[in-house]
Structures are given as C-alpha cells and as structure tokens.
Amino acid sequence: MIKIHLNKKIFWIISFFIIISNTILTFYTYQQIGDNTKTRVLSRAVSLKDYFTSMSYVYQQQFINSGIDINESTIGFLPAHASTLISDKFSEISKYDISIKNVTNKPRNPNNIADDFELKAIEYFKNNPKIESKIEQTTENGKEVFHYVTPLIIDGYCMSCHGKKEDAPQFIQNRYNSAYNYDLNDVLGVTSIKIPIEDIEKVAIKNFYKAAAFNWFIVLILLVIIYFSVEKLTTKEVKQKILLQDEVRKKTIVLQEQNTQLEVANKKQKQLFSILKTVANCNQVLITARDIDELIQGTVTSIYSNSAFSAVKILAVENDKLVVKAFVGLDSEPTILDYEKVAFENNSFIKLSSSDDNINEDCREKIKNSNIGEMYIAPLRKNSHSNEAIGVLSICTTKTDGLSKEEQDMINELSGDIGFAMNSFYQKDAINQLSFYDPLTYLANQQLFEHHLELSLIQSAKHLQYGAILFLDFDNFKNVNDIVDKNSVDEILKEISKRLTKKANIASLIARHSGDKFLILLENISQDESRSAMIVKNIALQIQEITKEPFIIDGNSIYLTCSIGVTLFLENSPTHNLLDKAEYAMMTAKRDGKNTIRFYNESLQKMTKQKSQMLQYLKESILKNELYLNYQKQFDKDENVVGVEALMRWNHPILGSVSPAEFIPIAEESGVIKEIGAFVLESATNQLLLWQSDEIKKEWRISVNVSPLQFRDNDFVDKLKKLITSKNIDPLKLRIELTEGVLIENKEQAIGKINDLKDFGISTSIDDFGTGYSNLSYLKNLKIDELKIDQSFVFGLNQNSSDKAIVRTIIMFAEEFNFEVIAEGVETKEQFEILKELGCNYFQGFFLARPCKVEEL
C-alpha cells in the first residue's frame, strides 16, 4: 500500500506540474495577443504600403511617358487623382475597413488633405529625414485603429508637376496654384494607412481559443496515458514488494539475534578503544609538555575527558612529602587517602570497590555517594624496575562493572609512562639548575640572562617597546669580605637576592652576574624613550631601598649601598654590548659618588674616549714640562696693580691650545690635578722669589687656585709651609683660592687648615663666591681674607637687578666681617664703575688686563 500511495503521489505531482506549465503557457499566449496583433498590423501595413507605392510609381511613370494631354476630360488620369480614386475603391471593397491614401498639407485634390495626425507626421518626417515610417494607435469614428504613415518623397518624375510652376504643363498651371516649388527629396506628404484593431483582434482571439482548446485536449490525453501507465507499474511492484517483505522479515529475525551478540562485543570493544585512545592522548601530552606542571595537569585533564572516569588525581613527592599535584572531578576537596599512601609506600597497584570488606566506612560512603563503581590506585615509578615510587595516579570510574583486565593493564602501563616522564623532567630541571642558575642564590646566572636578553631584543624591535638592563653593584662590598667570614658573606648575598626578588617583582628576570653584582631585565616599558627612562629610574630608586634596612649577621648590623647602571634598548643589538654599556654606566655611578643611578648613552661613551685620550696627553705633557702659567693682573679702584692670579695653560703639539675648562676637570677626576697643583705652587713661589729684586713687582701678591683634591691631602699645609720656608719668601705674598665646596665637604678639617695657613701668613680667598653652598653662619668663623665675586654676577650688573642686589649683599657682608672683595670678569668700563659705586675695591678682568706670560707683565 505504501508503494501505491507513493505512485499516486508521483502521478498527482506530475499532473500538477503539467497543468501549471500549460496554464502559464496559455496565459502567456493570451498576453501576447496585443503584441501579435500590432505585429500583424504592422506587417500588413508595410505590405499594403509597398504595393500601393509600387503601383503609384509605375502608374506615374506610365502616365508621364504616355504624353496624354491633360484636360477636363482626362484629369482623372493625373497620379494624384488616380491614387485617390484607387484609395476610395480600396476602402469600399476592403473586408476589414482598411484605408490607404496619399495625403499632403498642400493638396491639389481636396480629398487628399491630411488630417491632424498626418500633418504632424509630415512635419516629423521633414525634421527626421532618416525615419522611414511611423505607427500609432488612434481613435477614428469611435473605433480604435492603427495609423501607419510613411513619407512621400519628391523624385525626378514628380518635379515636372511639383517643381517650378512655369515648368509645369500648361493645364496644370492654369488649374492649380499650389503644390509647386518642391526640390528633390523634399517631403510632399505621406502615405496614410488606417487598419481597424477590432476585427484583427477578433481573428487573433479566435485563433487563440482554438490553439488553447487543442493544447488542453492534448494535456488531458497525456494525463490519462500517464495515469494508466503508473497504475499498471504500481500493481506489479506491489506484488513483488509483498514477496520481498516476507523474505526480509525472516532474515531480520536472524540478523537481530546476530546484532545482539555484536552489540555486546562492540560495547566491550568501544570501551577498550576509548581507554586506548585516552592512553594515546596522555602519551601525546607526555611527549609535548614543556614542564612538569604542564605534564601533570595535561595528563589529568586527558584522562578525565574520558566519560568512563569520574575523578582523576596525581600525587607526587615534594620536599620529602606526598602532595596532591593535580585533581579533577568530584565536588569534595582533594585529600590524600590512606590507600594512596599504601600504594605509594608499597609501590603496588590497588583496586577498590564499594563492596570490598577491607575499606573503612567513610570511604565506602564517599564511593556510594559519588556513584563510583571502582577506584584504581597505581604507583608512579622512575622506570619499570624501580623499587620506589615517585608519586601516585588515582582514578575513579562510574562503570558499575568496573574496568576489564585489559583496561586495568592499560592504566597500569600509563602510570609507568607518567612516572618515567616525570622523572625525566626532574633530571632535566636538575641539569638546568646547574647550567642556568646560580647555586648560591638560586637566581638566574649570566648565561641564562643573556639568552633571555636575546629574546627580549627581538620582541623589543618587533613591537617598538623599550626594554632596560639594570647593572647593580653593592658599594664597598670588599670591606664586608674583610669583616665577616665567607659563610656570612654568602648569607648576605642570599638575603640580597631575596630582597631583590621581592622588590623588583615587575622585572622579567633577575640574575646574579658575579660576586656582589646583579642584573635585572625589564621589558615592554614604553614606546617613548624619555618616559621609559623615568619609569626605569623610579624602579631603580625602589630597588635601592632594599639597602635601607641593615643586614643582620651574627647579631651585627651591616649597612650597604648600591650603585646602579642603566641602559635602555630598542633595537636588536649584540647582548655583550648592552651588558658592557650597563656595566660602564654602573662604574660611572660609582665614580659620581656611589649609591646613585646613572644611564648609559653614546655621547657619554664618546666623551669618555676623548677624555681618556686627553688624560694620556696631559700626563705626557706634565712629564715633558709642556704646561706653563699665564698671569692676570688684579687692580684696586684707582687702577693700581695689587697682584696677579696664576692661570694654568696647556699648548699641546696635536691638540693645540686646550682650554682649562676642558683639561682641569679631567685632571681632577684622574687625580693628576695634584701634580699640576704642585707644579703651579712651585712655579708661583719661584716667581715671587724672582720678584723680590723688582722694585715694583716685589709688592705684588700671587693668587693660586688649589683644587679640592689637593687641599684634602693631610700634609697639604705642611708641604706648602715647607715650600715657602725653603725659598725664604714672604708668605703674605701668596694667596690660596678655594671653592665653597671644599669648605662644605669637611667643615672642621677645612677650618683647621685655613686657620693654620692664616697663622703662617698665607691668605685665603673664596673663589666664585655666591655660586656654591655659602653658609654665612660659619664663614664668619673662618680666617679668610677675601671673597671673589663670580663673573656670572658681574656680567649681568647693567642688565639684571637681581645680580646687582646679590653683588651689593656680598660686599655688605664682606665689609661687616672685614673681608676684602674682588670682582672677576670685569670686561667693560660700565661694569667697573657700577662695582665701584657698590663698594667693591679690587677688580680683575679683560677691561683692565688680559692674561699674559710673565715677561709681558
């Protein structure tokens, strides 16, 4: 019956589509009646036009060639009259009321006058000479008609009657006064054909109905044939179907019995395959894991993904204690069960179920509440022959009948693979610890730091983010080595590493470089260099705070400070270059007073090289006596010379004349300034000795600049006294110029030395007064003789009221304590006069005298 119904449905579907298709075709054909009618009308109109035009043309030629004399009796033979007569006769005998006529706007025969449509057509063809016809649907006498027109064009035969009037036949001239003066190809009028629509449409509709009736008759016959064909096929197939169903029913019973057996076997096979797939996934994790935590967590997750397991746990030994490393499944917190401890201690496989008599009541209750069928606990061994376990794999299954023997063997084998992989990581970590970590502080060593730095450089260049290296060195750590034993030093280094790790928690890596030197790597700071520098500086300041608290060793407090060198990086540069730069910046921090922070840059490196070269040249010049003194006179307010200042000069054969502003700072940094200072004092005292025999210059005093480094020497005063005494010169003729910084750094020592010099007779001047750390409260207690106003104040005297006020204050202060005041850098007469008005008594500068050699004084 199913087949019968199906075949009937197919028949009705086919019938439906055939009927719909024929309906659409019929409707479409009906819609085309109008277009077909217009096409037929146009075709008929063109045929009539061609026939009428041909006939008119032949008649016209015959008429003209006949030479018939036109008079009242023969006027009907004229083409215009003859065509009208023919048109009238055609209209009379036309079955469909079709009319055809030549009409014009200038008719000689009144019957040939054009109507409105035809007049418009004449104008249209005149304006569009390339158009050959025009058709429109119009209404005439209440009937719809197709009005078809084509232009009448003047040709050579027409010119005899429609050319110039004087050229026309005499009878034409006498009878007609219009339709002259045409040229060849002019539009004389139109051939007008009117075809009624109604009769033609009736014929078209009649034909449509005939065709439609025939089509539907054919469709009906076709449907009948299809129906009986389907009916015959259906009956035959139904009989075959009944026989086939009986055969299938018998075989189905046999197959169902076989299928039941296969399902049981397939279920076991699927379970076994599922466990095998889980083991394979776990082995993939064991192979690809990058660290032991990833290995353990990945293995637990892979096992738990198998729906046969409701809980998975891995335990491992940490610090000689069994702990849970990973756990998934069940809602309770992971705990270490007694049976897991037993499996670990005995290095043996344990299987538990809720029906076991040897499990305690709490455990039995948990198994039942969690719907656990069985629980398997397997030891994790280094290898299959190991007598000790390194952990435990614990698995719970919800299968009521538990795992088969084959499945349990797979779990046991998997536990062996996990233990082997874990042991490999333990060994790898041990090797890695020895290779890339400092054994004392457990921080990364320099090798690991450089490896991370290489990766960081690549990322920095890729993302255009600045990174930084901080090079730390603890100041005077050697002293700690001298104070405490090696074990105590190690404890301090360990404590330093702990404090660094805690304080520099945003660092990408902290490493021990060597000894008391440490490295810190910062990444992805900022894309802006200045902002990066500020961030790094703040971090460095925070790191320095780790030394605020003392390091307690054996009850003793040890205080340390830290110098930090910093280099920023953005490009992929060699790592050793960056480390060298960071170390150089750290050394700069130490030279600048320690416990400070310094950044490295290329200009600093270039300047350092230049300074190193200049220092070498300076040392050679000292040995070769290439240094010499110039002297600049000092005057009182009456412009009398009262003394000179000894000024160091250096003219090198390669560098040329080198400014003191360049080589004096280098000499002070390197300590060479002591040798230069000794040379200046030696030269100045020799000059005083020579001037003792000069009537004028024997009254002059020589002022000598003494560097802070030279003045700090404990035996400076003794050496100077010995020098003056050995040459038997008046100590009053020598004045020592010191900067304010010397007085601040070690106040008590400085005061003692100045007082000793004063008692001996050597006067003292404070150079560049007002620019340093002037402290009036102790200056008044110093036995100094002179304050020297810095040239920066003198320069702005006539421009800046503040400078003028400062100079006035210095002079008033000096007067109060009986100090002499000398102004340096006096370069104009205006400055000279202002200084005198303010009360200054001594002067030095280009306005009064330039520095010169001794023989030019």
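Summary of the structure given here.

**As for the overall build of the protein chain**
Scanning the protein chain from terminus to terminus reveals 27 helices and 25 strands. On C-alpha atoms alone, the protein chain measures out to a radius of gyration of 62 Å, which is more than a quarter above the 29 Å that the 2.2 N^0.38 rule sets for 857 residues. For the protein chain, the spread of C-alpha atoms along the three principal axes comes to 175 × 120 × 45 Å. Every one of the 857 residues in the protein chain was classed for burial, and the buried ones make up 42%.

**Regarding the sheet that holds strand β2 (residues 134–140)**
The strand order β1-β4-β3-β2 describes an open sheet built from four strands, whose pairing is antiparallel. Whereas interior strands pair on both sides, the edge strands pair on one side only; in this sheet they are β1 (99–104) and β2. The average undirected angle you get between the axes of adjacent strands in this sheet is 30°. In the packing of helix α4 (residues 116–127) onto the sheet, the strands contacted are β1, β2, β3 (143–153) and β4 (187–196), and the crossing angle to β4 comes to about 130°.

**A word on the pairing of strand β6 (residues 321–329)**
Where strand β5 (residues 309–318) meets β6, eight bridges bridge the pair, whose relative direction is antiparallel. Residue pairing in the sheet places Leu-315 in a bridge with Val-324 of β6. What sits between β5 and β6 in their antiparallel hairpin is a turn of two residues, with Asn-319 showing a positive phi close to 55°.

**Observations concerning the nonpolar core**
With 73 residues, the main nonpolar core has Ile-676 and Leu-720 as its most contacted residues. The element that contributes the greatest number of residues to this core is helix α19 (residues 673–691), accounting for seven residues. Setting aside residues up to four positions removed in sequence, Leu-720 forms contacts with Leu-681, Leu-734, Ile-736, Leu-757 and Ile-762. Membership of the second largest hydrophobic core comes to 36 residues, among which are Val-484, Leu-522, Val-566 and Ile-597.

**A few points about the state of the cysteines**
Applying the stated criterion across every chain, the model contains zero disulfides. In this structure Cys-282 is not part of a disulfide, and its nearest cysteine sulfur, from Cys-396, lies 16 Å away. A relative accessible area of 0% means that Cys-282 is categorised as buried.

**Notes on the packing of helix α21 (residues 716–727) against helix α23 (residues 747–760)**
Where α21 meets α23, the axes come as close as 10 Å, and the angle between the chain directions of the two elements is 15°. The angle between α21 and α23 falls in the class roughly parallel. In this structure, the crossing between α21 and α23 has a hand that is right-handed. Of the residues in α23, those in contact with Phe-716, Val-717, Leu-720, Lys-721, Ile-724 and Thr-725 of α21 are Lys-753, Asp-756, Leu-757 and Phe-760.

**Let's talk about a nonpolar patch on the surface**
Together, Ile-13, Phe-16, Phe-17, Ile-20 and Ile-24 make up an exposed nonpolar region whose accessible area comes to about 510 Å². With respect to the helices, strands and loops of the structure, Ile-13 is situated in helix α1 (residues 2–31).

**Overview of the sheet that holds strand β10 (residues 467–474)**
Ordered by their spatial adjacency, five strands build an open sheet running β11-β12-β10-β15-β16, and the pairing between neighbours is mixed. Strands with a single pairing partner mark the edges of an open sheet, and in this sheet they are β11 (509–514) and β16 (597–599). Neighbour-to-neighbour, the strand axes of the sheet open up by a mean angle of 20°, direction not taken into account. Sheet strands touched by helix α14 (residues 486–503): β10, β11 and β12 (517–522). Its angle to β12, the strand with the most contacts, is close to 15°.

**Some points on the side chain of Ser-456**
Take Ser-456: it is sitting in helix α12 (residues 446–463). Accessibility expressed as a relative area gives 3% for Ser-456, which makes it buried. With residues near it in sequence (within four places) discarded, Ser-456 still touches Leu-521, Glu-523 and Phe-569.

**Section: the packing of aromatic side chains**
The geometry of an aromatic ring pair is captured by two quantities: the separation of the ring centres and the angle between the planes. Counting across every chain of the model gives 14 aromatic pairs. Aromatic side chains Phe-474 and Phe-518 sit 6.1 Å apart centroid to centroid with 90° between the ring planes, which places their arrangement in the edge-to-face category. Of the two residues, Phe-474 sits in strand β10 while Phe-518 sits in strand β12, which places them 44 residues apart along the sequence. No difference in accessibility class separates Phe-474 from Phe-518, as the two residues are buried. Joined through ring pairs, the aromatic side chains of Tyr-631, Trp-691 and Trp-700 make up one cluster. A cation over a ring is seen here: Arg-499 above Phe-551, with NZ or CZ 4.0 Å from the ring centre. Above the ring of Phe-846, the side-chain terminus of Arg-850 is found at 4.2 Å from the ring centroid.

**A closer look at helix α18 (residues 660–670)**
Note that an α-helix has 3.6 residues per turn; residues three or four places apart therefore point the same way. For α18, every residue scored as buried is listed here: Phe-663, Ile-666 and Ala-667. Taken down its axis, α18 places every buried residue within 100° of arc, on the same side. Turned more than 90 degrees off the buried face of α18, the exposed positions are Ala-661 and Glu-669. Looking at the residues trailing α18, positive phi occurs at Gly-671, about 90°.

**Quick word on the layout of surface pockets**
Of the voids in this model, the largest pocket is the one considered here, and its volume is about 1,000 Å³. Forming the boundary of the largest pocket are 48 residues, of which Asn-102, Leu-152, Ile-153, Cys-158 and Leu-188 lie nearest the centre. The element best represented in the lining of the largest pocket is helix α2 (residues 33–66), accounting for nine residues. Split by residue class, the lining of the largest pocket holds 26 nonpolar, 16 polar and six charged. Space inside the second largest pocket adds up to approximately 810 Å³. Going through the elements one at a time, β17 (627–636), β18 (641–652), α18, α19, α20 (708–712), β21 (734–739) and β22 (763–769) are the ones with two or more residues in the lining of the second largest pocket. Counting residues per element, the lining of the second largest pocket draws most heavily on β18, at five residues.

**Overview of unusual backbone geometry**
The phi dihedral of Asn-625 falls on the positive side, at around 60°, and the residue is not glycine. Overall, the relative accessible area of 62% leaves Asn-625 in the exposed class. Residue Asn-818 is not a glycine yet carries a positive backbone phi of 60°. Structurally, the position occupied by Asn-818 is in the loop between α26 (801–816) and β24 (820–824). Look at Asn-818 and you get exposed, because its relative accessible area is 69%.

Rules behind the numbers
- Residues numbered from 1 in each chain as written.
- Predicted model: local features only at pLDDT ≥ 70, side-chain atom pairs only at ≥ 80, totals over all residues.
- Heavy atoms only, no water.
- Helix = DSSP H or I, 4+ residues; strand = E, 2+ residues; numbered from the N terminus.
- Rg over C-alpha atoms; globule rule 2.2 N^0.38 Å.
- Buried < 20%, exposed > 50% of the residue type's maximum accessible area, 1.4 Å probe, protein only.
- Pairing = 2+ DSSP bridges.
- Axes fitted to C-alpha atoms, helices over the stretch in contact; angles between N-to-C directions.
- Contact = heavy atoms within 4.5 Å.
- Core = buried A, V, L, I, M, F, W, Y, C linked by side-chain atoms within 4.5 Å.
- Disulfide = S-S within 2.5 Å.
- Parallel < 35°, antiparallel > 145°, perpendicular 65-115°, else oblique.
- Left-handed = near helix turned anticlockwise from the far one by under 90°.
- Patch = residues over 30% accessible without salt bridge, like charges linked within 9 Å, V, L, I, M, F, W, Y side chains within 5 Å.
- Areas by Shrake-Rupley, 256 points an atom, 1.4 Å probe, with all protein chains shown as cover.
- Salt bridge = Lys/Arg side-chain N within 4 Å of Asp/Glu carboxyl O.
- Phe/Tyr/Trp six-rings, centres within 6.5 Å; stacked < 30°, edge-to-face > 60°.
- Lys NZ or Arg CZ within 6 Å of the ring centre and 35° of its normal.
- Arc of directions from axis to C-beta.
- 1 Å grid on protein atoms, 1.4 Å probe; cavity = no way out; pocket = protein on both sides within 12 Å on 5 of 7 lines; lining within 4 Å.
- Points joined across faces, edges and corners; volume = space filled by probe spheres on them.
- Nonpolar A, V, L, I, M, F, W, Y, C, P; charged D, E, K, R; others polar.

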